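If you want the building blocks of each chain, they are given just below.
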Amino acid sequence: MTILFRYVTREILLYFSIVLAAVLGIYLVVDFIEKVDDFIEAGVPVWRCVVHLLYKLPFIFAQIGPLGFLLSILVAFGLMRKNNEVIALKSGGIGKRHLLRPAVVLGLFFSVLMVVVAEWVVPVFMVNANQIWLQEVRKKNIYASKTNDIWMRAARQIIHISQYDPVRGRLAGISIFTFDDHFRLIERIDALSGQFSDGRWQLEEAVVQTFGQDRGGHQFEVQETVYADLDLNPDDLSQAAKRSDEMGVAELRRYIAKVEREGYPAVRYRVDLHGKIAAAFVCLLLSLLGSGIALKGRMREGLPTSIVLGLGAAFLYWIFNSFSISLGYAEMLPPLVAAWTANFVFLGLGGFLLLNVD
């Protein structure tokens, strides 16, 4: 490992630590101010609010890590250009590949780190964070298994939901069991789907069964629409049900297989699965893109322009990637193509910039 490699690596890691600490600190302060009143009103100690926020840190780290890495490369190389260190290296016969090597190695390292955090750390921590919010603050007795089977126990009801789509706010595979004071089943409702409307749940294609005291009291009825008053709202379900970005790749694969086995469409989840795999390479992609922007020889405006252009490129990447993902959700593009299009386009852009570095 050369002195230059160690020096550039140290500089990038230093600025990455500064950016990460600043962003995470702002997030903790803002989210604490927003939620501490809810904890106090629910009679929950304030320290539980701090624990709740700390459980969410791995998820925030996985979201902002790539952008922080891009900023660290732009600042490190930008300051090297400002201090004429790049010119000194050129004068000594050291080419751009020697500067690019530590950035690429760190890009690979952070790509692996993001995979580890998203695959094994985020799912466990987000379950704990959601349990604190739902059970201690919202006082909802809701349990969601690893495959998004949601169970809720109310005073005289047990509710099971096979699938909840937080984006569209729709339920799928709903079963509601109602009991009397002696915990005897008096009614069961099974519905294919449901939607929250006007403060009530509208269940579609429902089968309603009522059970009387004697054997002849069982009644069976099929209804197109049933309105159910449940102590459950979409916000509670959004906290209980795991989103795709809160699942690991293996868990998401199992969930897709389960959804398709039960006859529900899983296109959205397939797009998210390929998107998670493609996202593992974002840090490597940004290392090439950031190095190309920061080291471009004809850029005379200095560090501020490099940062602005880098942030603009990152913003365009996420806009373009979101657009491609939306086309995948709408089944206008295959899931694999929708997830990887932005990566290949901006990989070509980063390679073009590096080829034109003096």
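Report on the accompanying structure.

Reading guide: rules and limits
Residues numbered from 1 in each chain as written. Predicted model: local features only at pLDDT ≥ 70, side-chain atom pairs only at ≥ 80, totals over all residues. Heavy atoms only, no water. Helix = DSSP H or I, 4+ residues; strand = E, 2+ residues; numbered from the N terminus. Salt bridge = Lys/Arg side-chain N within 4 Å of Asp/Glu carboxyl O. Buried < 20%, exposed > 50% of the residue type's maximum accessible area, 1.4 Å probe, protein only. Core = buried A, V, L, I, M, F, W, Y, C linked by side-chain atoms within 4.5 Å. Contact = heavy atoms within 4.5 Å. Axes fitted to C-alpha atoms, helices over the stretch in contact; angles between N-to-C directions. Left-handed = near helix turned anticlockwise from the far one by under 90°. Nonpolar A, V, L, I, M, F, W, Y, C, P; charged D, E, K, R; others polar. Expected span 1.5 Å × (residues − 1). Patch = residues over 30% accessible without salt bridge, like charges linked within 9 Å, V, L, I, M, F, W, Y side chains within 5 Å. Areas by Shrake-Rupley, 256 points an atom, 1.4 Å probe, with all protein chains shown as cover. Parallel < 35°, antiparallel > 145°, perpendicular 65-115°, else oblique. Phe/Tyr/Trp six-rings, centres within 6.5 Å; stacked < 30°, edge-to-face > 60°. Lys NZ or Arg CZ within 6 Å of the ring centre and 35° of its normal.

Description of unusual backbone geometry
Part 1 of the argument: Positive phi outside glycine occurs at N84, with the angle close to 65 degrees.
Part 2 of the argument: With respect to the secondary-structure elements, N84 resides in the loop between α2 (46-82) and α3 (85-91).
Part 3 of the argument: Not every positive phi belongs to a glycine, and E205 is a case in point at roughly 55 degrees.
Part 4 of the argument: Considering the arrangement of structural elements, one finds E205 in strand β6 (residues 200-210).

Some thoughts on the pattern of salt bridges
Part 1 of the argument: Inspection of the entire model under this criterion finds six salt bridges.
Part 2 of the argument: For the salt bridge of D31 with K56, the shortest nitrogen-to-oxygen distance reads 3.4 Å. Linking D31 in helix α1 (residues 3-41) with K56 in helix α2, this pair joins segments that are 25 residues apart in sequence.
Part 3 of the argument: On the basis of relative accessibility, which here comes to 7%, the residue D31 falls in the buried class.
Part 4 of the argument: The shortest N-O distance in the salt bridge between R170 and E204 comes to 3.2 Å. Residue R170 is located in strand β4 (residues 170-179), and its partner E204 is located in strand β6; the two are separated by 34 residues in the primary sequence.
Part 5 of the argument: Residue class for E204 comes out partly exposed when judged on its relative accessible area of 24%.

Description of the nonpolar core
Part 1 of the argument: In terms of nonpolar packing, the biggest core is built from 75 residues, with F77, L99 and L203 touching the most fellow members.
Part 2 of the argument: Other than its neighbours up to four places away in sequence, L203 contacts I174, I176, I189, A191, S193, G194, E224, T225, V226 and A228.
Part 3 of the argument: Core analysis: the next-biggest nonpolar cluster, separate from the first, contains ten residues, A172, M247, Y269 and L273 among them.

Describing the packing of helix α7 (residues 267-279) against helix α9 (residues 303-329)
Part 1 of the argument: At a closest axis distance of 8 Å, the pairing of α7 and α9 adopts a crossing angle of 145 degrees. In the crossing of α7 with α9, the sense of the turn from one axis to the other is right-handed. Of the residues in α9, those touching α7 at V267, R268, V271 and D272 are I325, G328 and Y329.
Part 2 of the argument: For the contact of α7 with α9, the residue count by class is four nonpolar, one polar and two charged.

Examining the side chain of K56
Part 1 of the argument: Among the residues examined, K56 registers a relative accessible area of 16% and is labelled buried.
Part 2 of the argument: With residues up to four places along the chain from it excluded, the contact list for K56 reads Y27, D31, K35, M126 and A129.

Some words on α7
Part 1 of the argument: With 13 residues, α7 should reach 18 Å at 1.5 Å per residue; the first-to-last C-alpha distance of 18 Å fits that figure.
Part 2 of the argument: All of the buried residues along α7 are Y269, V271, D272, L273, K276 and A278.

Considerations on a nonpolar patch on the surface
Part 1 of the argument: Taken together, the side chains of I40, V46, V50 and L54 present a nonpolar region at the surface, about 310 Å² in accessible area.
Part 2 of the argument: Take the nonpolar patch: its biggest share by element is three residues, from α2.
Part 3 of the argument: Following the sequence through the fold, I40 ends up in helix α1.

So, the packing of α1 against α2
Part 1 of the argument: Orientation of α1 relative to α2, taken along the N-to-C sense of each, is 150 degrees, at an axis distance of 6 Å. As summarised for this structure, α1 and α2 are arranged roughly antiparallel, according to the angle between their axes. The crossing of α1 and α2 is right-handed.
Part 2 of the argument: Looking at the contact of α1 with α2 residue by residue, the classes come out as 31 nonpolar, four polar and five charged.

Here we look at the packing of aromatic side chains
Part 1 of the argument: Using the criterion set out here, one finds 13 aromatic pairs in the structure.
Part 2 of the argument: Both rings, one in Y317 and one in W318, keep their centres 5.3 Å apart while their planes meet at 85 degrees; by these two values the pair is edge-to-face.
Part 3 of the argument: Between Y317 and F346, the aromatic rings sit 5.4 Å apart at their centres with planes inclined by 90 degrees, giving edge-to-face as the arrangement. Of this pair, Y317 sits in helix α9 while F346 is found in helix α10 (residues 335-355), placing the two residues 29 residues apart along the sequence. Taken as a pair, Y317 and F346 share a single burial class, namely buried.
Part 4 of the argument: Three or more aromatic residues joined by ring pairs make a cluster, and in this case those are F16, F69, F109 and F110.
Part 5 of the argument: K35 extends its terminal NZ or CZ atom over the ring of W133, reaching a point 5.1 Å from the ring centre.
Part 6 of the argument: Geometry around Y329 places R268 over its ring, the cationic atom sitting 4.1 Å from the centre.

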